[in-house]
2 protein chains.
Amino acid sequence: MILKVQVNRHMQKAINSLLRFLRRSEIPHILRIQTTVIKAINDFMFSRNFIQLLPILTSKFTDPLGPDPNSSIQYIPKIKYNGFELCLTQSMILHKQLALASGLKKIFIMSPNIRLENSSRRRSGRHLFEFTQMDFEVAYASMFDIMNLVEDLLIHILWKVNHLNREDLESLNRDLRMPRKPFDIYTSHELIETYGEDWEDKASQDHREPFWVICHKREFYDKEDENNPGHYKNYDLIYPEGFGEALSGGEREYQYERLVKRMKDDGLNLNLYKEYLLIAKEGLLVPSAGGGLGIERLIRFITGAKHIGDIRLFRRVPGEDVIF
Amino acid sequence: MILKVQVNRHMQKAINSLLRFLRRSEIPHILRIQTTVIKAINDFMFSRNFIQLLPILTSKFTDPLGPDPNSSIQYIPKIKYNGFELCLTQSMILHKQLALASGLKKIFIMSPNIRLENSSRRRSGRHLFEFTQMDFEVAYASMFDIMNLVEDLLIHILWKVNHLNREDLESLNRDLRMPRKPFDIYTSHELIETYGEDWEDKASQDHREPFWVICHKREFYDKEDENNPGHYKNYDLIYPEGFGEALSGGEREYQYERLVKRMKDDGLNLNLYKEYLLIAKEGLLVPSAGGGLGIERLIRFITGAKHIGDIRLFRRVPGEDVIF
């Protein structure tokens, strides 16, 4: 009756890996902190009257995350179902805009995303090929409204962890400094001048508190400044001490002509986004701003973990074996 | 500069569909209730000292959801990444057991699942091909511990909605009755005798309060009663008024020999689960019980929606077109 499962080297590696994992004394501390963090986020968003939507995992289109001449994503995975080809969600940005088109004003989603990153991203310490972001969007908000909200949110989370998880932080040897509002703001141009194109790590290492970096040329949906073409009303929040990007967001393009121009500039196949574009053409998209806060990156920053994979119970690191 | 997007019949249908959706006056009420429900769940689980894990979307193995000679699932979708073939999550049950093997005692996950149901399931009114369940597991718990916990949870949620969303319930014409503990318990055998094999709808329609149905012959991981072979220590919570299944759970098999026997009885390919089985063989799995509470089904029950698709902003109903 008992099956002889053959224990080959791969199996032994798997067992050793889980055993190693089971013996990691940090894990209960990290997961208790994670529980506080998620609770603090939910409480904060609820107190600010955000409506919570459920995530979607599949759709006819997803965030293309481009254009990037050195794209780190291998491809967008798709599944077939009842004659449809459905993309797995890279981010819910386009669906956030569609949700606001239904008349909602403030929304958030605990949204798991899949991004099939190149194996080289393993070394960054902050990439997973699946992760959860707290994705939110506010109709008619400006970038400064959102930056103000995010500063309050981050301070609330850190305050909660400092109060509820003092012993866990001590066990992890982590002294969690409370940042002060308002956070410093740089433009990406300033940082490129100071640190070069790969400013993120270096600028992060040079700081003791989180800071904003605004004005990035990137995806079509981030709004270009009408009064200053070639400049963009978007922002990244960067953690200090080398932990790098925390959140990415922006005001959004929402007018049909602007979206079409930006998508064409990016060389996107407009046909893939036709339903989205038709809603824009009907004039149903509204101005908005929002962002996505990476949950695992936040836990890594708070716990001081060396690699983002170390805070996951089931590691999903590009270029690493998936064991369970 | 302006692209002429061609409006064919499919496009017009898409636009009309969103417009119809935008004009649905119930949506803000439903989503406000949803926000309360998710908040109430998080608060309750936090107050009971559950550790919150993040969901996984991909894995080397997932819940096979079988065996079922008339399986309603078309197939388990897989993606390829760096030489791995990864299944999309149908449920996190096996990973919940692995998580408890790391020494955690009480865990929960807001877990989005993909299940490619046959189109005929469209008619059930309660199936989606992607949905979120609140998946939880407690080490060393008995089925009655879990049933007691779930009764408290459901009463807490309904109480919160009744207090915070009275106007929304009135707008939806929904009178939400507070159930009383303990809920009635039937065996599946009793209900089959009374209603026949498709007892779920009929028994649900015959009741005014939620009730339990215990002892189902189903997946290999639900524990067989040692003192009464052919009987099982598992349970479904059924909503009244025809809303059907709310939650499914059980005590678990965790001993290597038992798991192997049950999997072989089900005709499963043990090789697909080898890492899981090796952990069991090392004696690292612990006795546990838990369940999964379908969030969309709960929102449907609370709001009294005719079809589960009606409570989603982005419909994911088997056999329906996916528009966005």
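Residues numbered from 1 in each chain as written. Chains lettered and ligands numbered in written order. Predicted model: local features only at pLDDT ≥ 70, side-chain atom pairs only at ≥ 80, totals over all residues. Heavy atoms only, no water.

Asks: What's the story with the sheet that holds strand β5 (residues 106–114) of chain A in this structure? I'm lost.
Replies: The strands making up a sheet are joined through hydrogen bonds of the backbone, oriented either antiparallel or parallel. Residue and element names in this part refer to chain A. If you trace the eight strands from one edge of the open sheet to the other, you get β1-β5-β6-β11-β10-β9-β8-β7, paired in mixed fashion. Edge strands, defined here as strands with exactly one partner in the open sheet, are β1 (51–53) and β7 (184–187). Mean inter-strand twist for the sheet, computed between neighbouring axes without regard to direction, equals 25°. Here β1 pairs with β5 via three bridges, running parallel. Along β5, the bridge assignment pairs Q52 with F108. Its contacts with the sheet put helix α6 (residues 188–195) on β7 and β8 (211–214), and the angle it makes with β7 is roughly 75°. (Pairing = 2+ DSSP bridges. Helix = DSSP H or I, 4+ residues; strand = E, 2+ residues; numbered from the N terminus. Axes fitted to C-alpha atoms, helices over the stretch in contact; angles between N-to-C directions. Contact = heavy atoms within 4.5 Å.)

Asks: Whenever I open this one, the relation of the copies chain B and chain A confuses me. Can you help?
Replies: Put simply, the second copy of the chain is the first one after a rotation about an axis and a shift along it. After a rotation of 180° and a shift along the axis of 0.0 Å, chain B superposes on chain A with an RMSD of 0.0 Å. These values place the two chain copies in the arrangement generated by a two-fold rotation axis. When the interface residues of chain B are mapped onto chain A, 100% of them are again interface residues, pointing to one common binding face. (Least-squares fit on C-alpha atoms with pLDDT ≥ 70 in both.)

Asks: Would you take a moment to explain the interface of chain B and chain A for this structure?
Replies: Think of interface size as the accessible area that goes away when the parts come together; that is how it is often given. Contacts between the two partners involve 88 residues from chain B, matched on the other side by 88 residues from chain A. For the pair chain B and chain A, the summed buried surface comes to about 8000 Å²; carbon and sulfur atoms form 72% of the total. Considering only the side of chain B, the residues that lose the most area to chain A are L54, Y81 and F324 of chain B, jointly responsible for 9% of the buried surface there. There are two salt bridges connecting chain B and chain A. When the shortest N-O distance is used, the salt bridge between K39 of chain A and D43 of chain B registers 3.2 Å. Put simply, chain B and chain A have 22 residue pairs in polar contact (both at pLDDT 80 or more) between them. Of the residues forming the side of chain B that touches chain A, the biggest block, ten residues, is contributed by helix α2 (residues 27–47) of chain B. Looking at the side of chain B that touches chain A residue by residue, the classes come out as 53 nonpolar, 16 polar and 19 charged. (Buried area = accessible area lost by both parts, 1.4 Å probe. Salt bridge = Lys/Arg side-chain N within 4 Å of Asp/Glu carboxyl O. Polar contact = N/O pair within 3.5 Å; in protein donor to acceptor, adjacent residues only side chain to side chain. Nonpolar A, V, L, I, M, F, W, Y, C, P; charged D, E, K, R; others polar.)

Asks: What is the right way to read the environment of R252 of chain B from this model?
Replies: Residue and element names in this part refer to chain B. Along the chain, the position of R252 falls in the loop between β10 (244–251) and α8 (256–265). Between the C-alpha atom of R252 and that of E137, which follows or precedes it by 115 residues, the distance is 9.8 Å. Here R252 is in contact with I93, K96, Q97, E137, Y221, D222, K223, S288, G290 and G291, once residues within four sequence places are set aside. Reaching out from R252, the side chain makes a polar contact with the side chain of E137 at a distance of 2.9 Å. At 3.4 Å, the side chain of R252 and the backbone oxygen of G290 are in polar contact.

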